[in-house]
Amino acid sequence: MFKIKKKADKPKQVVLYNIVEDYSEFDAPGNVTLCAMTESEDLAAHAKILSESYDVPLETMTTLLTRGGTYVYPQVDGILTRGLLACRIDPTGQGPKQTWTLDLMQFAEAEQVARSRALSMIDAAWEVFRRALPDELQARLRQKNLGLDYRTLDRAVANGGDIKYIDFRKDWSPHFKRLCIMSDGRLVETGGLREFAELHGITIDQAKTLIEQGGTLEVNGEVLACQIVNGQAAVARFNAKHYAKAKDLVSSKGLHLMDALSEVGYNDPAMMRGLARIELTGKR
């Protein structure tokens, strides 16, 4: 008699957050996605995801999430090109753990605040970060559990109890799907640079440059276009026919290529349907 092998259970997907609120439309540098968790922290998974997202060594990230503190990104060729990542832990255990990043300008401001007011770097970094946030979010952060009415929350979220940690995120992460409008109007979701690069047949370095800096990238006769709006990347792929029309507009009207591609996209019914669906869903 043959035994039927039971299929191995798929590994349980890590749930890093159960509260996600989008403030990314706010003016930079206060544009963030607030991601919180009411269930107990899975420290290993939390550290792994943040380490991958923010290019911080795993051991360092684990230490930050355990003890709190700041990580200053190393210099590149003698030049500091990125700010810092911070983790703030309430010593009383009453408030949630919080992580966030500061850009270079905010980092410089935090150093000045620390010196002038004799504050620790973590307290100075929080002060600089907090006051750049939207007023509504600042007010909610002063309230227990963001002022949420637990009677109206999903039962699974409410049953977790108090919020254990909050990550203020701005990254293009595997845990935050982004939409790309394809030339036929399809909306394709990708999470993380690797998945985005594989979709479009480009290298991870090319994907990283495009997403972080914006602009255009030729891909096998077609072109990828990325605009950075409030720190968020909006991406569209144009086919060879679209690309040819855009180059004609550049030549005939003296338009910038990005503006020419936008004009071509707005005049294409399929791509406009894709754009309309993005506006309806509120996704980027």
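Below, the structure is looked at part by part. Just so it is clear, the structure is predicted and the values come from calculations on it, not from any experiment. (Residues numbered from 1 in each chain as written. Predicted model: local features only at pLDDT ≥ 70, side-chain atom pairs only at ≥ 80, totals over all residues. Heavy atoms only, no water.)

### Observations concerning the packing of aromatic side chains
Then step 1. What the rule picks out here adds up to seven aromatic pairs.
Then step 2. On the basis of an interplanar angle of 40° and a centroid distance of 6.0 Å, the ring pair of tryptophan 126 and phenylalanine 129 is categorised as tilted. Note that tryptophan 126 and phenylalanine 129 are positioned in helix α4 (residues 121-132) at a spacing of three residues, about one turn of the helix.
Then step 3. These aromatic residues form a ring-pair network of at least three members: Trp100, Trp126, Phe129 and Phe168.
Then step 4. When the ring centre of tyrosine 73 is taken as origin, the NZ or CZ atom of arginine 82, which lies over that ring, is 3.9 Å away.
Then step 5. Over the aromatic face of tyrosine 243 sits the side chain of lysine 247, whose NZ or CZ is 4.2 Å from the ring centroid. (Phe/Tyr/Trp six-rings, centres within 6.5 Å; stacked < 30°, edge-to-face > 60°. Helix = DSSP H or I, 4+ residues; strand = E, 2+ residues; numbered from the N terminus. Lys NZ or Arg CZ within 6 Å of the ring centre and 35° of its normal.)

### Details of the nonpolar core
Proteins that are soluble and globular tend to have nonpolar side chains buried together.
Then step 1. In terms of nonpolar packing, the biggest core is built from 27 residues, with Leu34, Trp100, Phe129, Leu137, Leu141, Ile166 and Phe168 touching the most fellow members.
Then step 2. Contributions of two or more residues to this core are made by β1 (19-23), β2 (32-37), β4 (84-88), β5 (97-102), α3 (104-117), α4, α5 (135-141) and β6 (165-169).
Then step 3. Looking at which element gives the most residues to this core, the answer is α4, with six residues.
Then step 4. Beyond its immediate sequence surroundings of up to four residues, isoleucine 166 is in contact with Leu34, Cys35, Ala36, Pro96, Lys97, Gln98, Thr99, Leu141 and Leu146.
Then step 5. Counting 17 residues, the second largest nonpolar core, distinct from the first, contains Tyr17, Ala47, Leu64 and Leu65. (Core = buried A, V, L, I, M, F, W, Y, C linked by side-chain atoms within 4.5 Å. Buried < 20%, exposed > 50% of the residue type's maximum accessible area, 1.4 Å probe, protein only. Contact = heavy atoms within 4.5 Å.)

### As for the pattern of salt bridges
Then step 1. Using the criterion set out here, one finds 12 salt bridges in the structure.
Then step 2. For arginine 131, the salt bridge is made with glutamate 109, and the minimal N-O distance between the two is 2.3 Å. Of this pair, arginine 131 sits in helix α4 while glutamate 109 is found in helix α3, placing the two residues 22 residues apart along the sequence.
Then step 3. The partly exposed category is assigned to glutamate 109, whose relative accessible area is 30%.
Then step 4. Among the salt bridges present, the one from arginine 237 reaches glutamate 222, with a minimum N-O distance of 2.8 Å. Of this pair, arginine 237 sits in strand β11 (residues 232-238) while glutamate 222 sits in strand β10 (residues 222-229); the two residues are 15 residues apart in sequence, bridging distant segments of the chain. (Salt bridge = Lys/Arg side-chain N within 4 Å of Asp/Glu carboxyl O.)

### Some thoughts on α4
Then step 1. Its 12 residues give α4 an end-to-end C-alpha distance of 17 Å, which sits within 8% of 16 Å, the value for a rise of 1.5 Å per residue.
Then step 2. If you check which residues of α4 are buried, you get Ile122, Ala124, Ala125, Trp126, Glu127, Val128, Phe129 and Ala132. (Expected span 1.5 Å × (residues − 1).)

### Details of unusual backbone geometry
Then step 1. A cis amide bond links alanine 28 to the next residue, proline 29, at an omega of 5°.
Then step 2. Relative to the helices and strands, proline 29 is located in the loop between β1 and β2.
Then step 3. A positive phi angle, close to 60°, is found at aspartate 55, a residue other than glycine.
Then step 4. Its identity is not glycine, yet asparagine 220 carries a phi of approximately 50°, on the positive side.
Then step 5. Mapped onto the secondary structure, asparagine 220 falls in the loop between β9 (215-219) and β10.

### Looking at the packing of helix α1 (residues 43-54) against helix α2 (residues 58-67)
Then step 1. For the pair α1 and α2, the least separation of the axes is 9 Å and the interaxial angle reads 125°. One finds that α1 runs oblique with respect to α2. Every pair of crossing elements has a handedness; the one defined by α1 and α2 is right-handed. Touching Leu43, His46, Ala47, Lys48, Leu50 and Ser51 of α1 are Leu58, Met61, Thr62, Leu65 and Thr66, all from α2.
Then step 2. In terms of residue class, the contact of α1 with α2 is made up of six nonpolar, four polar and one charged. (Axes fitted to C-alpha atoms, helices over the stretch in contact; angles between N-to-C directions. Parallel < 35°, antiparallel > 145°, perpendicular 65-115°, else oblique. Left-handed = near helix turned anticlockwise from the far one by under 90°. Nonpolar A, V, L, I, M, F, W, Y, C, P; charged D, E, K, R; others polar.)

### What about the environment of arginine 186?
Then step 1. Looking at where arginine 186 falls in the secondary structure, it is placed in the loop between β7 (178-181) and β8 (187-190).
Then step 2. Along the backbone, arginine 186 and arginine 273 are 87 residues apart, and their C-alpha atoms lie at a distance of 8.7 Å.

### Comments concerning the sheet that holds β2
Then step 1. The mixed open sheet is built from six strands, whose spatial order is β1-β2-β6-β5-β4-β3. Pairing within the sheet leaves two strands with one partner each, and these edge strands are β1 and β3 (69-72). Taken over all neighbouring pairs, the strand axes of this sheet differ in orientation by 15° on average, direction set aside.
Then step 2. Of the strand pairs in this sheet, β3 and β4 are connected by four bridges, and their pairing is antiparallel. Paired with valine 72 across the two strands is leucine 84, which belongs to β4.
Then step 3. Packing of α2 onto the sheet brings it into contact with β3, β4 and β5, and relative to β3 it is tilted by some 155°. (Pairing = 2+ DSSP bridges.)

### Here's the deal with helix α7 (residues 193-200)
Then step 1. Within α7 the residues assigned to the buried category are Phe196, Ala197 and His200. All buried residues of α7 project into a common sector of 100° when viewed along the axis, lining one side. Facing away from the buried surface of α7 by more than 90 degrees, the exposed residues are Arg194 and Glu198.
Then step 2. Just downstream of α7 lies glycine 201, where phi reads positive at about 70°. (Arc of directions from axis to C-beta.)

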